[in-house]
Amino acid sequence: MRVESLTVENRAPAGRVLIESFRDYPYMRHALRDAGSDYEAHLEKLILFILDARWARRDRVRGGRRDGRLCAVATVVGPGPAEPSADVEALFQRLRRDIGADAVDWMERYEEAAHVGRPEAPFHYLGMLGVLPDRQGSGHGKRLVDDVKRRAREHPTSTGVVLNTEVERNVALYEHLGFEVVGEGDVGELHTWCMLWPAPGDAP
């Protein structure tokens with residue numbers, strides 16, 4: 001699998017990978033629990049918002065391609081605070097109109113829960129990691145995780161990689177990749193684990 005940077009020109013295929021990967025993910029099902037028959041449409045709007053916001057903030061969207069087919073996508077936020085962006089604010093307000101204020105308000109409460117345990121020192125944040133269902137188990141996700149680890153090692157201030165998962169069995173998978181649980185939080189009935197991979201040379 002070849003790993004590459006994805007740009008807005010890859011919006012449609014990257015969106016398809018993440019939609020198929022996260023269709024039944026607990027976060028999506030909770031955030032969009034009131035969507036009813038509009039669930040698929042709202043899911044697409046939410047996924048595309050996440051991608052558009054990453055590109056608007058100049059964050060990284062990384063992709064894995066096999067035989068010319070995009071089959072894995074990761075969104076990566078670099079170290080340091082995000083700069084205010086009128087473009088992102090406009091995207092956020094459009095999302096509120098598209099999927100409803102209740103869904104967006106829930107997402108904001110989730111962000112508070114997800115921050116529990118995150119280090120104060122700068123870090124890379126692995127926001128989403130999706131692999132097409134028919135390619136899962138092929139090592140594509142690990143390749144993208146390794147790519148983010150490499151960026152953290154090479155960055156002058158990053159102390160490692162942080163992620164959140166809402167699936168308990170994923171905790172063991174990420175522990176196998178060198179991550180450790182550093183915090184846990186709840187938003188309603190949804191539980192999230194915050195996990196850290198400390199870059200070599202930094203205290204765990």
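Here the structure is a predicted model, which means the values were calculated and not measured.

Q: What's the story with the nonpolar core in this structure? I'm lost.
A: Generally speaking, soluble globular proteins have nonpolar side chains that are buried together. Ranked by size, the top nonpolar core spans 63 residues in total, and within it Y27, M28, L32, L46, L126 and F179 carry the most contacts. Looking at which element gives the most residues to this core, the answer is helix α3 (residues 39–56), with ten residues. Contact partners of F179, with chain neighbours within four places excluded, come to V145, K149, V161, L163, Y174, M195, L196 and W197. Counting five residues, the second largest nonpolar core, distinct from the first, contains Y125, V162, C194 and L196.

Q: Just to check I follow, could you spell out the packing of aromatic side chains for this structure?
A: We describe a pair of aromatic rings using the distance from one ring centre to the other and the angle between the two ring planes. Under the definition given, this model contains six aromatic pairs. Between Y27 and Y110, the ring centres sit 4.8 Å apart and the planes meet at 75°, which makes this aromatic pair edge-to-face. In this pair, Y27 is assigned in helix α2 (residues 26–31) and Y110 in helix α5 (residues 101–114), connecting sequence segments 83 residues apart. Residue class for Y27 comes out buried when judged on its relative accessible area of 10%. Relative accessible area serves as the criterion here: at 5%, Y110 is assigned to the buried category. Note on F49 and F92: the rings are 6.3 Å apart at their centroids and 55° apart in plane angle, and the pair reads as tilted. Here F49 is found in helix α3, whereas its partner F92 is found in helix α4 (residues 86–99), with 43 residues between them in sequence. In terms of burial, F49 and F92 fall into one category: buried. Here the aromatic residues Y27, W106 and Y110 are joined through ring pairs into a cluster of three or more. Sitting over the face of the ring of Y39, R29 holds its NZ or CZ atom 3.9 Å from the ring centroid. The ring of Y125 has R118 lying over it, and the distance from NZ or CZ to the ring centre is 4.3 Å.

Definitions and cut-offs
- Residues numbered from 1 in each chain as written.
- Predicted model: local features only at pLDDT ≥ 70, side-chain atom pairs only at ≥ 80, totals over all residues.
- Heavy atoms only, no water.
- Core = buried A, V, L, I, M, F, W, Y, C linked by side-chain atoms within 4.5 Å.
- Buried < 20%, exposed > 50% of the residue type's maximum accessible area, 1.4 Å probe, protein only.
- Helix = DSSP H or I, 4+ residues; strand = E, 2+ residues; numbered from the N terminus.
- Contact = heavy atoms within 4.5 Å.
- Phe/Tyr/Trp six-rings, centres within 6.5 Å; stacked < 30°, edge-to-face > 60°.
- Lys NZ or Arg CZ within 6 Å of the ring centre and 35° of its normal.

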